[in-house]
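Chain residues, written in single-letter form:
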Amino acid sequence: LDVPVTKVTGDARAPGRVVGGDGAGPFAINNTGDNELATLRYAMRTADIRAVEEPFEAAGQKFNRGTFIIQSATRAQVDAATKELGLRAYTLASAPTVPMHPVRAARVAIMHNWTSTQTEGWFRIAFDGAKVPYDYISVEDIVKTPALSERWDVIIFPPGTGNNRAMIDGSANTGRPIPWKNSPDFPNI
């Protein structure tokens, strides 16, 4: 290769920042399918963030459907968040006139049943990496919570967690209790 290169030491991160104008917003962050948009939503929990439902043009840029419009944060807050996440926010003269809807920071739970924690572990790693907070709950938590929607907006039930029908119906009654302590038949519990 004849192209000059520079050795990267430490983290390789796209440069993020607020671009254009010196105003206080609103700010647009183009939806390019970047996972960091989810991280941004939770990092800026109190900000009024909306997603556009149609493409639009502003600030000399074309913005895709799903672009985030941040209306209630300071330029310094948006600049700090975008620098950390490698996102580029554009200062707009005014909010776009296309339809928009609020983007909430959903209250998330990941459910487990102790039969196969490896698969759900991959979900937990992904959420941890994206800095998306979640509750790690069991089937018993679902049973004990009378109004699930008052506590969580989304409950993720990862695949590969064993027999899903048994999780709904319970274990079949074989006449033998399932011990939850060491016994000669189950010495490793």
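This section reports on the structure supplied with the text. Each chain carries its own residue numbering, running from 1 in the direction its sequence is written. Per-residue local features of the predicted model are confined to residues with pLDDT of at least 70, and side-chain atom pairs are confined, for both listing and counting, to 80 or more; whole-chain, interface and lining totals are unaffected and use all residues. To get the side-chain values, all heavy atoms of the structure are used, and hydrogens and water are removed first.

Quick notes on helix H3 (residues 117-129)
It helps to recall that an α-helix has 3.6 residues per turn; residues three or four apart then point in one direction.
Phase 1 of the analysis: Per the convention used, a helix needs a DSSP run of H or I reaching at least four residues, while a strand needs a run of E reaching at least two, with both numbered from the N terminus. The span you would expect from a helix comes to 1.5 Å times its residue count less one. Under the 1.5 Å per step criterion, the end-to-end length of H3 is 18 Å for 13 residues, consistent within 8% with the ideal 18 Å.
Phase 2 of the analysis: Relative accessible area decides the class of each residue, using a 1.4 Å probe on protein chains only: under 20% of the type maximum gives buried, over 50% gives exposed, and in between gives partly exposed. Every buried residue belonging to H3 is among Glu120, Gly121 and Phe127, and all of these are buried. End-on view of H3: buried residues confined to an arc of 120 degrees, all on one side of the axis. Facing away from the buried side of H3 by over 90 degrees, the exposed positions are Gln118, Trp122, Ile125 and Gly129.
Phase 3 of the analysis: For this analysis, residues touch if any pair of their heavy atoms sits within 4.5 Å. Considering only its buried residues, H3 is in contact with strand E9 (108-112), strand E10 (134-138) and strand E11 (154-156).
Phase 4 of the analysis: Positive phi shows up at Lys131, right after H3, with a value of about 55 degrees. When we speak of the arc, we mean the arc of directions from the helix axis to the C-beta atoms.

A word on the sheet that holds E11
Phase 1 of the analysis: Strands are treated as partners if at least two bridges between them are detected by DSSP. Read across the open sheet, the three strands follow the order E10-E9-E11; overall the sheet is parallel. Edge strands, defined here as strands with exactly one partner in the open sheet, are E10 and E11. Direction aside, neighbouring strands of the sheet carry axes that sit 30 degrees apart on average.
Phase 2 of the analysis: Here three bridges tie E9 to E11, and the two strands are oriented parallel to one another. By the bridge assignment for E11, Ala109 is matched with Ile155. Helix axes use the C-alpha atoms of the stretch in contact, all axes being lines fitted to C-alpha atoms, and the angles between their N-to-C directions lie in the range 0 to 180 degrees.

Some thoughts on unusual backbone geometry
Phase 1 of the analysis: For Ala59, which is not glycine, the phi dihedral falls at a positive 50 degrees.
Phase 2 of the analysis: With respect to the helices and strands, Ala59 occurs in the loop between strand E4 (56-58) and strand E5 (61-63).
Phase 3 of the analysis: Residue classification places Ala59 among the partly exposed residues on the basis of a relative accessible area of 47%.
Phase 4 of the analysis: Phi at Lys131 takes a positive value of approximately 55 degrees, unusual for a residue other than glycine.
Phase 5 of the analysis: Within the secondary structure, Lys131 sits in the loop between H3 and E10.
Phase 6 of the analysis: Judged by its relative accessible area of 52%, Lys131 falls in the exposed class.

Here we look at the sheet that holds strand E8 (residues 100-102)
Each strand in a sheet pairs with another by means of backbone hydrogen bonds, the pair being arranged parallel or else antiparallel.
Phase 1 of the analysis: Strand order across the open sheet formed by six strands is E1-E7-E2-E6-E3-E8, with mixed pairing between neighbours. Each edge of the open sheet carries a strand with a single partner, namely strand E1 (17-19) and E8. Averaged over all adjacent pairs, the angle separating strand axes in this sheet is 30 degrees, with direction ignored.
Phase 2 of the analysis: Both strand E3 (residues 49-52) and strand E6 (residues 68-70) contribute to a ladder of three bridges, which runs antiparallel. Across the sheet, Ala51 pairs through a bridge with Phe68, a residue of E6.
Phase 3 of the analysis: Contacts from helix H1 (residues 36-43) reach strand E2 (27-29), E3 and E6, with the element oriented near 25 degrees to E6.
Phase 4 of the analysis: Against the sheet, helix H2 (residues 75-85) contacts E1, E2, E6 and strand E7 (88-91), and its axis sits at roughly 125 degrees relative to E1.

A look at the environment of Pro133
Phase 1 of the analysis: Position of Pro133 relative to the elements: it lies in the loop between H3 and E10.
Phase 2 of the analysis: Exposure remark for Pro133: the relative accessible area of 37% places this residue in the partly exposed category.
Phase 3 of the analysis: For the pair Pro133 and Thr39, spaced 94 residues apart in sequence, the C-alpha to C-alpha distance is 9.6 Å.
Phase 4 of the analysis: In contact with Pro133, other than residues within four places in its own chain, are Tyr42, Arg45 and Val108.

Scope: geometric values only; no functional claims are made or implied.
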